[in-house]
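Letter by letter, the chains look like this.
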Amino acid sequence: MKNSLLDRREAVRALLQGRGDLLVVTGLGSSSYDVFDAGDHAGNFYLWGAMGGAAVMGLGLAQAQPKRPVLVITGDGEQLMGIGGLLTIAARKPQNLSIAVLDNGHFGETGMQRSHSGLGARLDEIARGAGIASVVEITDMEGIATFRSEVHRLADGPKLALIRISTDHVDRALPPRDGVFLKNRFRQHLGLAVT
């Protein structure tokens, strides 16, 4: 199975290639580091200490910006914490929202303990059961390329991709941690007043 696991940084870089007007919300921890490593951007909203909040934050952003594609990039542990959010996302059906779950079956930020997905829970099946119709499991770079093109289509949403990634160690690449700065930069990127 090791051969079917992707390098997380390579997968995230490929997802963000040619991003255009894409808005990105990250889950805390490694997914934020991966997105930052792929290239800091004013259209990235990095969450710090909001365990389980990335997908529902993406939902709110998708509803507020229906003409922009919104991509949530998060990990399995963070999405497991916010599992109920998938039900609300399925009920609201935002056409422009995509969720990429980087799943290595471990809680990376707390010591690499096995997560529920590492113990058999299937986030892709849970998403389907919640009512999200467009769900894929990705184990190769061709799947990443296909999902990237789907992310930019403002139709057939919400979409969820479960991306199988390796547990190999990756050095941290820390994005800005100043919440006020991140909020103001993101608002400015959207053309909104800074308060």
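Residues numbered from 1 in each chain as written. Predicted model: local features only at pLDDT ≥ 70, side-chain atom pairs only at ≥ 80, totals over all residues. Heavy atoms only, no water.

Undergrad: Just to check I follow, could you spell out helix H5 (residues 85–92) for this structure?
TA: Owing to its 3.6 residues per turn, the α-helix brings residues three or four apart onto one side. Those residues of H5 not exposed but buried are Gly85, Leu86, Ile89 and Ala90. Looking down the long axis of H5, one finds its buried residues gathered within 135 degrees of arc, a one-sided arrangement. Along H5, the residues that are exposed and aim more than 90 degrees away from the buried face are Leu87, Ala91 and Arg92. (Buried < 20%, exposed > 50% of the residue type's maximum accessible area, 1.4 Å probe, protein only. Helix = DSSP H or I, 4+ residues; strand = E, 2+ residues; numbered from the N terminus. Arc of directions from axis to C-beta.)

Undergrad: Before we go on, may I ask you to explain the nonpolar core in this structure?
TA: Judged by nonpolar contacts, the single largest core of 27 residues is most densely connected at Leu61, Leu86, Ile89, Leu97, Ile99, Ile132 and Leu160. Those elements that place two or more of their residues in this core are strand E1 (23–26), helix H3 (54–64), strand E3 (70–75), H5, strand E4 (97–103), helix H6 (123–130) and strand E8 (159–164). Per element, the largest residue contribution to this core is 5 residues, and it comes from H3. Each residue touching leucine 61, except ones within four places of it in the same chain, is listed here: Leu23, Val25, Val70, Phe186 and Leu190. One finds Val12, Ala14, Leu15 and Ala100 within the second-largest nonpolar core, a separate group that totals 22 residues. (Core = buried A, V, L, I, M, F, W, Y, C linked by side-chain atoms within 4.5 Å. Contact = heavy atoms within 4.5 Å.)

Undergrad: Please explain the sheet that holds E8 as it appears in this structure.
TA: Note on sheets: strands pair through backbone hydrogen bonds, and any given pair is parallel or antiparallel. Strand order in this open sheet of 6 strands is E2-E1-E3-E4-E8-E7, and the pairing throughout is parallel. Two strands close off the open sheet at either side, each with one partner strand: strand E2 (44–46) and strand E7 (134–138). Strand-to-strand twist of the sheet, defined as the mean angle between neighbouring strand axes without regard to direction, takes the value 15 degrees. (Pairing = 2+ DSSP bridges. Axes fitted to C-alpha atoms, helices over the stretch in contact; angles between N-to-C directions.)

Undergrad: Any chance you could explain unusual backbone geometry here in plain terms?
TA: Excluding glycine, a negative phi dihedral is what most residues carry, and trans is how most peptide bonds are arranged. A cis geometry characterises the amide bond from glycine 157 onward to proline 158, with omega recorded as -5 degrees. Relative to the helices and strands, proline 158 is located in the loop between helix H7 (141–151) and E8. Look at lysine 93: it is not a glycine, yet its phi comes out positive at around 55 degrees. Tracing the backbone through its elements, the reader meets lysine 93 in the loop between H5 and E4.

Undergrad: Teacher, can you tell me more about the side chain of arginine 68 here?
TA: With respect to the helices and strands, the residue arginine 68 is situated in the loop between H3 and E3. Within the local environment of arginine 68, its side chain forms a polar contact with the side chain of histidine 189, the two groups lying 3.3 Å apart. (Polar contact = N/O pair within 3.5 Å; in protein donor to acceptor, adjacent residues only side chain to side chain.)

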